[in-house]
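# An overview of the molecular structure
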Amino acid sequence: MCEQNFMHQHHNWLQSVKSFQHPRVITMLFLGFSAGIPLLLIFSSLSLWLREAGVERSTVTYFSWAALAYSFKFLWAPLIDRMPLPFLTRILGRRRGWLAVSQLAIMSSIALIGMVNPVQENALELMAVAVVALGFSAATQDIVIDAYRIESAEQDLQALMSSTYIAGYRIGMLTSGAGALVLASYLGSTSGAYSYDAWKVTYLCMSLSMLVGLITTFVIKEPCSQPTATHQYSTQQYLKFLSIFAMSVTIFVLTYLHTASEAVLLKIQFKEITHNSVLANLLVEAGRLISGFLLVIGFIKAMSHTPLYERELVQETYIDPIADFFSRYGIKLAILLLTFIGFYRISDIVLGVISNVFFQDMGFTKSEIATVVKTFGLFMTIAGGFLGGLLAMRYGIIRILYLGAALTVATNLLFMLLAGAGHNLPLLYLVISADNLTAGLASAAFVAFLSSLTNISFTAVQYAVFSSLMTLLPKMIGGYSGSMVDNLGYPTFFLIASLMGVPVLLLIYFIQRHAAFKDQ
């Protein structure tokens, strides 16, 4: 039996606060925890494990590529949106069925990583397969959770659901980040005395922590509002299309791997020409990515003339969701919205790329950074998320988007004070409090806004595109943050990073002028 959506009308603060007790709002806390577990098991925890095991730093960084699945999840989101699962879709429903599969895949991938000792011969190849599987299954879980959140409640609850999701996500990251490191250390593995058994038990425990999400999946009800296709395709037809997708991914990966040696030589040559290593790296890596995409496009074009290619399926799965967005908002407003999505987090993300390096350069110790930035900052982000959700419900999403954008500009300027003060622990607490509280508030409102843009007929696809777009440009610019600091110094860099957020205020103003957003 599915769970019906309904609208609430909140007139006072008490009713708004009580809405945090709504079952669907609480559900997102547990699903957010489940979504937060995998990421740091790919990044920080795995990196430290491999370094303790004596793996070369250059090899360690390769494993972070598995997280690219999060940036490209929009490519297979349409399949998750439409493709039924044998048996599970009938028993659990489309969303819960895919949730269960992705969560079981995550548990299996984490456990498999734990069963591999990286110091053994050829062990890293097996671990790489497990890490890639973890990245893919974790990104798939994100796709389904986003779709479930949007479909299970009307817009008035989306801000609160975003708040509890962010809180759960951060707690999950704390568990798999700091929690995993503490557990491995407690079990006897340190930088000077590596213990495989300690890391094995740690990763098996992290695998078991995913039971929080899996149990939640079996307890909750399937949302009633779900995409309905014009045509119903068989699983066999979807599998044929899935085979094209799998071959396309393989071609892209092989292209990227086989150009590695040439890329090293090109970077050296471009560095001599440009006298800028960052620019040389960007040009070469961009060329590799473009080459891979062009080959994939050519391959898909060739496959379109084979029986594996279902034209109507491709039309409904990939083209219709994009066409729907532009038809609903018109070309001008759609472009304005996409520009806003790409820029809203730019100031925050660009600054965040180099923040940990900045704290170290200011003389803060690792323990101070861990205590203030990671732990205290986590709770401030969670508090900001709850505050953002509450304010968005009371005053509307657009107003809180304004507030979040303005506070981001202001709080980023506080980093200039810290750059001038140097090692000042009270000021660090103030900066982290303001920055993380603002980040949580702005994120809650932004996620709720993105949710309001999706059409229930194409939930997973459209939201996957939005969430990928919102980090693409900021991460690209963030790659230059180190070079900017080297040339300009920290105070000027923080001023520029802050000013990057000013155009966002203008974008919100232009969006609010349209009739579709005056009531938000």
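Numbering of residues starts from 1 in every chain and runs along the sequence as written. For this predicted model, a pLDDT threshold of at least 70 governs which residues receive local features, and a threshold of 80 or more governs which side-chain atom pairs are given and counted, while totals over whole chains, interfaces and linings are taken from all residues. Here the side-chain values reflect all heavy atoms present in the structure, with hydrogen atoms and water set aside.

Attention shifts here to the overall build of the protein. Along the backbone of the protein there are 24 helices and two strands. Expressed as a percentage of the 520 residues in the protein, the buried residues total 52%. Any two residues having at least one pair of non-hydrogen atoms within 4.5 Å are treated as being in contact. For the protein, the proportion of contacts with a sequence separation of at least 24, taken over those separated by at least 6, is 83%. Note that accessible areas follow from Shrake-Rupley with a 1.4 Å probe, and for residues the cover is restricted to the protein chains shown. Counting only carbon and sulfur atoms, one obtains 68% of the accessible surface of the protein, whose full area is about 23300 Å². Numbering goes from the N terminus for both helices and strands, where a helix is a DSSP run of H or I of at least four residues and a strand is a run of E of at least two. Exposed residues in this analysis have more than 50% of their type's maximum accessible area, buried residues have under 20%, and partly exposed residues fall in between, with area computed by a 1.4 Å probe over protein chains only.

We now examine the pattern of salt bridges. Any carboxyl oxygen of Asp or Glu that lies within 4 Å of a side-chain nitrogen of Lys or Arg is treated as forming a salt bridge with it. The tally for this structure, following the rule as stated, stands at four salt bridges. In this structure, Asp-324 and Arg-328 form a salt bridge, with 2.9 Å as the shortest nitrogen-oxygen distance. Within this pair, Asp-324 and its partner Arg-328 are both found in helix α16 (residues 311-343), separated by four residues, close to a single helical turn. Taking the relative accessible area as the measure of exposure, Asp-324 reaches 13% and is therefore buried. Among the residues examined, Arg-328 registers a relative accessible area of 34% and is labelled partly exposed. Two residues, Arg-345 and Asp-348, come together in a salt bridge whose shortest N-O distance is 3.2 Å.

It is worth spelling out the side chain of Ser-176 at this point. The topology assignment puts Ser-176 in helix α10 (residues 155-186). For Ser-176, a relative accessible area of 0% puts it in the buried group. Engagement of the side chain of Ser-176 in a polar contact is seen with the backbone oxygen of Ile-37, the distance being 2.9 Å. In protein, a polar contact means a hydrogen-donor-capable atom and an acceptor-capable atom, both N or O and within 3.5 Å, with residues adjacent in sequence counting only if both atoms are side-chain atoms; elsewhere, any N or O pair within 3.5 Å suffices.

Glancing now at the nonpolar core. Think of a nonpolar core as a cluster: buried Ala, Val, Leu, Ile, Met, Phe, Trp, Tyr and Cys residues, connected wherever their side-chain atoms sit within 4.5 Å. Residues Leu-46, Trp-49, Ile-110, Ile-113, Met-127 and Tyr-203 are the most contacted members of the largest nonpolar core, which totals 72 residues. Considering every element that reaches this core, the biggest residue donor is helix α9 (residues 123-152), with twelve residues. Sequence-distant contacts of Ile-110, that is, excluding residues within four places in its chain, are made with Ile-37, Leu-41, Leu-134, Tyr-203, Met-206, Ser-207 and Met-210. With 35 residues, the next largest nonpolar core counts Ile-150, Ile-341, Tyr-344 and Phe-466 among its residues.

What follows is about helix α12 (residues 211-219). If you check which residues of α12 are buried, you get Gly-213, Leu-214, Thr-216 and Thr-217. Buried residues along α12 cover an arc of 160° about the axis, so they all sit on one side. Residues of α12 that are exposed and angled more than 90 degrees away from the buried face: Ile-215 and Val-219. Turning to α12, the residues buried within the fold contact α2 (23-42) and α8 (94-114). By construction, the arc corresponds to the directions joining the helix axis to the C-beta atoms.

What follows concerns the confidence of the model for the protein. Looking at the protein as a whole, its pLDDT mean stands at 82, while 88% of the residues score no less than 70. pLDDT expresses, on a scale from 0 to 100, how confident the predictor is about each individual residue. The low-confidence segment residues 4-11 (pLDDT under 50) makes 24 contacts with residues lying over four places distant or belonging to another chain.

Attention now moves to the environment of Phe-325. Here Phe-325 is to be found in helix α16. Residue classification places Phe-325 among the buried residues on the basis of a relative accessible area of 4%. A sequence separation of 130 residues divides Phe-325 from Asn-455, and the C-alpha atoms of the two residues are 7.7 Å apart.

Each Phe, Tyr or Trp ring (for Trp, its six-membered ring) is paired with any other whose centre lies within 6.5 Å, and the angle between the two planes then decides the class: stacked below 30 degrees, edge-to-face above 60, tilted in between. Under the defined criterion, the tally for this structure stands at 23 aromatic pairs. Consider the rings of Phe-252 and Phe-293, whose centres lie 5.1 Å apart with planes at 40°: the pair is tilted. Of the two residues, Phe-252 sits in helix α13 (residues 235-258) while Phe-293 sits in helix α15 (residues 277-303), which places them 41 residues apart along the sequence. Aromatic ring contacts, followed pair by pair, group Phe-358, Phe-359, Phe-415, Tyr-490, Phe-493 and Phe-494 into a single cluster.

Moving on: α8. To estimate the expected span of a helix, subtract one from its residue number and multiply by 1.5 Å. The terminal C-alpha atoms of α8 lie 31 Å apart, and with 21 residues this matches the ideal 30 Å at 1.5 Å per residue to within 8%. Buried residues dominate α8, accounting for 16 of its 21 residues.

Before going further, it helps to examine the packing of α8 against helix α11 (residues 196-209). Closest axis-to-axis distance for the α8/α11 pair is 8 Å, and the angle between their directions is 175°. The orientation of α8 relative to α11 falls into the category roughly antiparallel. Of the residues in α11, those touching α8 at Met-107, Ile-110, Ala-111, Ile-113 and Gly-114 are Tyr-196, Lys-200, Tyr-203, Leu-204, Met-206, Ser-207 and Leu-208. Each residue receives one of three labels: charged for Asp, Glu, Lys and Arg, nonpolar for Ala, Val, Leu, Ile, Met, Phe, Trp, Tyr, Cys and Pro, and polar for the others, Gly being one of them. Residues belonging to the contact of α8 with α11 are distributed by class as follows: nine nonpolar, two polar and one charged. Orientation is described by axes fitted as lines to C-alpha atoms, over the contacting stretch for helices, and by angles from 0 to 180 degrees between their N-to-C directions. For classification purposes, an angle smaller than 35 degrees is called roughly parallel, one larger than 145 roughly antiparallel, one from 65 to 115 roughly perpendicular, and anything else oblique.

Where α8 meets α12, the axes come as close as 10 Å, and the angle between the chain directions of the two elements is 160°. Compared by their axis directions, α8 and α12 come out roughly antiparallel. Handedness of the crossing formed by α8 with α12: left-handed. Residues Arg-96, Leu-99, Ala-100, Gln-103, Leu-104 and Met-107 of α8 pack against Leu-211, Gly-213, Leu-214, Thr-217 and Phe-218 of α12. Looking at the contact of α8 with α12 residue by residue, the classes come out as seven nonpolar, three polar and one charged. For any helix crossing, the convention is left-handed if the near helix is rotated counterclockwise from the far helix by under a right angle, and right-handed if that rotation is clockwise.

Together, Leu-112, Met-115, Leu-126, Val-129 and Leu-204 make up an exposed nonpolar region whose accessible area comes to about 420 Å². Note on placement: Val-129 falls in helix α9. Classification of Val-129 by relative accessible area gives exposed; the value is 54%. Each patch is built from residues lacking any salt bridge and having more than 30% relative accessible area; the joining distance is 9 Å for like charges and 5 Å for nonpolar side chains (Val, Leu, Ile, Met, Phe, Trp, Tyr).

Relative to the helices and strands, Gly-389 resides in helix α18 (residues 366-395). By relative accessible area, which is 0% here, Gly-389 ends up buried. Between the C-alpha atoms of Gly-389 and Asp-156, which are 233 residues apart in sequence, the distance is 9.9 Å. Apart from residues no more than four positions distant in its own chain, Gly-389 is found in contact with Ala-159, Leu-160, Ser-163 and Ala-444.

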